[in-house]
Amino acid sequence: MKMTDSTSRTWTKLAEIKTDDFTDEGIAIAINKEFGEMLFEDVKQEIANGYIEICEDGIIIWAS
């Protein structure tokens, strides 16, 4: 699924970040570049919690 196709009725999309490095470190670096700071200490946990969604063309940061 592409980032533009992903929607939610209950969560707010904070950011769509283009990346092709879907490793934990690559995701952390992309988030740091976008926001200028680390938002999450444990990327794997935030993916499991739904705050980070991996798409074909990047990642989405969600807020509940």
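For the structure itself, look to the data block above.
This write-up is about the structure you can find in this document. These numbers come from a predicted model, not from an experiment. (Residues numbered from 1 in each chain as written. Predicted model: local features only at pLDDT ≥ 70, side-chain atom pairs only at ≥ 80, totals over all residues. Heavy atoms only, no water.)

Moving on: the packing of aromatic side chains. Within the structure shown, the criterion is met by one aromatic pair. Ring geometry for Trp11 against Tyr51: centres 4.9 Å apart, planes inclined by 50°, an arrangement best described as tilted. Here the residue Trp11 occupies a position in the segment before β1 (12-18), and Tyr51 occupies one in the loop between α2 (43-49) and β2 (52-55), the gap between them amounting to 40 residues. (Phe/Tyr/Trp six-rings, centres within 6.5 Å; stacked < 30°, edge-to-face > 60°. Helix = DSSP H or I, 4+ residues; strand = E, 2+ residues; numbered from the N terminus.)

Turning to the nonpolar core, a few remarks are in order. If you look at the biggest cluster of nonpolar residues, it comprises eleven residues: Ala15, Ile17, Ile27, Ala28, Ala30, Ile31, Phe40, Val43, Ile52, Ile59 and Ile61. Of all the elements in the fold, those that place two or more residues in this core are β1, α1 (24-35) and β3 (58-63). Setting aside residues no more than four positions away along its own chain, Ile61 makes contact with Thr12, Lys13, Leu14, Ala15, Ile17, Ile31, Phe35, Phe40, Tyr51 and Ile52. (Core = buried A, V, L, I, M, F, W, Y, C linked by side-chain atoms within 4.5 Å. Buried < 20%, exposed > 50% of the residue type's maximum accessible area, 1.4 Å probe, protein only. Contact = heavy atoms within 4.5 Å.)

Okay, the pairing of β3 next. Of all six residues making up β3, five are buried, and the element is well covered by its neighbours. Where β1 lies against β3, six bridges are found, and the strand directions are antiparallel. Directly across from Thr12, in β3, lies its bridge partner Ala63. Relative to β3, β2 is paired through four bridges, and the arrangement is antiparallel. Bridging from a neighbouring strand, Cys55 pairs with Gly58 of β3. Hairpin connection from β2 to β3: two residues lie between these consecutive antiparallel strands. (Pairing = 2+ DSSP bridges.)

So, on to a nonpolar patch on the surface. Among the surface-exposed residues, Leu14, Phe35 and Leu39 lie close enough to one another that they form a single nonpolar patch of about 250 Å² accessible area. Here Leu14 shows up in strand β1. (Patch = residues over 30% accessible without salt bridge, like charges linked within 9 Å, V, L, I, M, F, W, Y side chains within 5 Å. Areas by Shrake-Rupley, 256 points an atom, 1.4 Å probe, with all protein chains shown as cover. Salt bridge = Lys/Arg side-chain N within 4 Å of Asp/Glu carboxyl O.)

The strand order across the open sheet formed by three strands is β1-β3-β2, and the pairing between neighbours is antiparallel. Lying at the two open borders of the sheet, with one neighbouring strand each, are β1 and β2. With direction set aside, neighbouring strand axes in the sheet form an average angle of 20°. Strands β1, β2 and β3 of the sheet are contacted by α1, whose axis makes an angle of about 110° with β1. (Axes fitted to C-alpha atoms, helices over the stretch in contact; angles between N-to-C directions.)

Moving on, we come to the side chain of Ser6. Summarising the element assignment, Ser6 is placed in the segment before β1. In this structure, Ser6 is in contact with Met1, Lys13, Glu53, Ile60 and Trp62, ignoring residues within four places of it in sequence.

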